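Here is what each chain is made of, one letter per residue.
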Amino acid sequence: MAQKKRVLMLGNLACVHGAIYAGMRFYAGYPITPSTEIAEGCARELPRIGGRFIQMEDEIGSIAAVVGASIAGLKAMTATSGPGYSLMVENIGYAYMTETPCVIVNVQRGGPSTGLPTKVSQSDTMQARWGPHGDFTAITVAPSTISDTVSETIRAFNLAERFRTPVTVLLDEVMGHMREIITLPEPGEIEVLERVRPTCPPEEFVPFERTPNLVTPMPRYGDGYRYIVTGLTHDQMGFTTNKPEEITPKLDKLRNKIENYKEEIIKLRVEMMEDAEIAFVSYGSVSRTAFQAIDIARKAGVKVGGVQLYTIWPFPDKELAELCNRCNKVIVAELNMGQIVNEVRRVLPPDVSIHSLRRYDGEILTPMQLLEKLEEVL
Amino acid sequence: MANERINKIEVPEDRFEMRLSGSGGQGMILGAVIMAEAIGSTGEKNTVQTQSYGPEARGGASKADVVVSSNEIFYPKAMKFDLLLAMTQEALDAYYPDLKENGILIVDDTLVTKVPTDKHYGLPFTQLAREEAGHVMVANVIALAAIAELTGIVSREALTETVLGRAPRGTEEKNKKALEIGFREAAKLKK
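Residues numbered from 1 in each chain as written. Chains lettered and ligands numbered in written order. Predicted model: local features only at pLDDT ≥ 70, side-chain atom pairs only at ≥ 80, totals over all residues. Heavy atoms only, no water.

Contacts between the two partners involve 32 residues from chain B, matched on the other side by 32 residues from chain A. For the chain B and chain A pair, buried surface summed over both sides reaches about 2800 Å², with 58% attributable to carbon and sulfur atoms. Counting every contact that joins chain B to chain A gives 1 salt bridge. Here Arg269(A) and Glu72(B) are joined by a salt bridge, their closest N and O atoms 2.9 Å apart. Along the contact surface separating chain B from chain A lie 12 residue pairs in polar contact (both at pLDDT 80 or more). Elements supplying a minimum of two residues to the side of chain B that touches chain A: helix H1 (2–8), helix H2 (28–42) and strand S2 (46–51) of chain B. (Contact = heavy atoms within 4.5 Å. Buried area = accessible area lost by both parts, 1.4 Å probe. Salt bridge = Lys/Arg side-chain N within 4 Å of Asp/Glu carboxyl O. Polar contact = N/O pair within 3.5 Å; in protein donor to acceptor, adjacent residues only side chain to side chain. Helix = DSSP H or I, 4+ residues; strand = E, 2+ residues; numbered from the N terminus.)

Okay, structure coming up:
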């Protein structure tokens, strides 16, 4: 077999590549720094392969178009940054309630509000979980290399289709604007999941049926399977309901279709944890800093390891607790005022001392900062 | 005890870190992209390229990093430079302190007047671009050729292929000329 071509690729364009590989054929968005190259890439590539790119009037329209395209049967994506995500949250909630698969990429910059357009941040981590109002379970993935950005975007589409739910890909300014040498996956090399469609006659179709795995087959709008799509709480037939005995099962469906299958969703990178007495927990671009610091500290004889959260939501409660059960200390490094550290505190046994390393000045954490923190807590 | 050991740790030896610096508009980011692509796509080594991304498109300080390694590259930015290219005095003053003790310093003689060490290579990139290559805009390409020649980090052929692959149509000859000038002038310095 011929050797695979090595290409230098920008993070944002790796996201586009992954999305197209996964079968995305619809993109609607409103360009915003530091995500703009995703819109540019989709505008360039989608028309060539029979897809559609629309620049909408704003982010509200963008996510609305994405939800509509998905209901009509296409794999659909939008990309934005924090300010745009804030505008999208109402319709992201609509996608959760209507169980519409879609992928939302947030290339994070500093906030709140318009904040720091060109500076890195991880301060939308909680927004990815709790952006829209109401109860639901969210899926969020966060790559840390350009190669990962391709594969995690593919995984985001697969999870969206598998669970009929919006999935957020959390990038950040460093990830979006970094270039790295990668080899692109060949067609067929990475599994691509397709939406399960109904096989019953249309008149027997139950649009929100509580199937054994709680994911209902989804027809394309216009295929003859008529149903109502509404953000109001609905019963299995899709009709608005106020009945307590219908409301609870609907909300349980939104949660349990994901929570019951967490093992399929959780993905971690675990390095040097076998004998680690202290561990770094990180995600996104900061994981690169963490693995660098671990590499340096290990050479100095410090028993330190690291866990990277590729899946941030649902949070890997059980997995993290098991991995860190032999550690005395855990340092959570993130580019915000401390968001994931509280999740780590929630899941780890009380005898593990947990330390928070935060940076929120628009710059990425450096290996030296992690090593200094390590020295401080040792 | 462990603490003292951590303090003594140097940047891992498997990394070769380059910083290309100058002012906005001098093509430092494009230069770093070309370098990362030329080294990474033709060889076995991994490369990562980053920049300070900001509104300094024209005039302000501009820097871009390339990290090269045979192993997985973790931290994507340069920490202590094995090579520093400074196209302006301001850039040299800002980044010289982070050049490794045996790091290679290359400056643009046209614009840099005060160099804090004798151990450096100086070439008038801007002047050569303007007077010999025919356009000031290719000063960065002359500098890339000089880096290739002085470090051997990338072959002449690989750099040429990458530069021409990225050159806008109609600028191939100017870029070819710029590469030749860079290789030639840097070869003289090596003697």
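Right, let's talk about the domain arrangement of chain A for a bit. Residues and elements named next belong to chain A. Taken domain by domain, chain A comprises domain 1 (6–183) and domain 2 (268–377). When each unit is reduced to the centre of its C-alpha atoms, the spacing between domain 1 and domain 2 is 26 Å. Between domain 1 and domain 2 the total buried area reaches about 2000 Å² when both faces are included, carbon and sulfur atoms providing 54% of it. Here Lys119 and Glu363 are joined by a salt bridge, their closest N and O atoms 2.9 Å apart. Applying the counting rule to domain 1 against domain 2 returns 19 residue pairs in polar contact (both at pLDDT 80 or more). (Domains from an automatic or database assignment.)

What follows deals with the packing of helix H5 (residues 139–151) of chain B against helix H7 (residues 172–190) of chain B. To characterise two packed helices, one gives the angle between the axes of the helices and the distance between these axes. All names here are of chain B. The geometry of H5 relative to H7 is characterised by a closest axis approach of 7 Å and an angle of 40° between their N-to-C directions. Considering the angle they form, H5 stands oblique to H7. In the crossing of H5 with H7, the sense of the turn from one axis to the other is right-handed. Between H5 and H7, the contacting residues are Val141, Ile142, Ala145, Ala146, Ala148, Glu149 and Leu150 on the first element and Asn175, Ala178, Leu179, Ile181, Gly182, Phe183, Ala186, Ala187, Leu189 and Lys190 on the second. For the contact of H5 with H7, the class distribution of residues is 13 nonpolar, 2 polar and 2 charged. (Axes fitted to C-alpha atoms, helices over the stretch in contact; angles between N-to-C directions. Parallel < 35°, antiparallel > 145°, perpendicular 65-115°, else oblique. Left-handed = near helix turned anticlockwise from the far one by under 90°. Nonpolar A, V, L, I, M, F, W, Y, C, P; charged D, E, K, R; others polar.)

Residues and elements named next belong to chain B. At a minimum axis distance of 9 Å, the contact between H2 and helix H6 (residues 156–166) shows a crossing angle of 125°. The angle between H2 and H6 falls in the class oblique. As H2 packs across H6, the resulting crossing turns out to be right-handed. Across the interface between the two elements, Val33, Ile34, Glu37, Ala38 and Thr42 from H2 touch Ala158, Leu159, Thr162, Val163 and Arg166 from H6. For the contact of H2 with H6, a count of residues per class yields 6 nonpolar, 2 polar and 2 charged.

Residue and element names in this part refer to chain A. Burial analysis of strand S8 (residues 166–172) places 7 of its 7 residues in the buried class, the great majority of the element. Burial of the side chains of S8 extends over both faces: Pro166, Thr168, Leu170 and Asp172 are buried on one face and Val167, Val169 and Leu171 on the other. The pairing of strand S5 (residues 102–110) with S8 spans 7 bridges and is parallel. Note that in S8 the partner of Gln108 across the bridge is Asp172. In this structure, strand S7 (residues 139–141) lies alongside S8, joined through 3 bridges in parallel fashion. By the bridge assignment, Ile139 is partnered in S8 with Val167. (Buried < 20%, exposed > 50% of the residue type's maximum accessible area, 1.4 Å probe, protein only. Pairing = 2+ DSSP bridges.)

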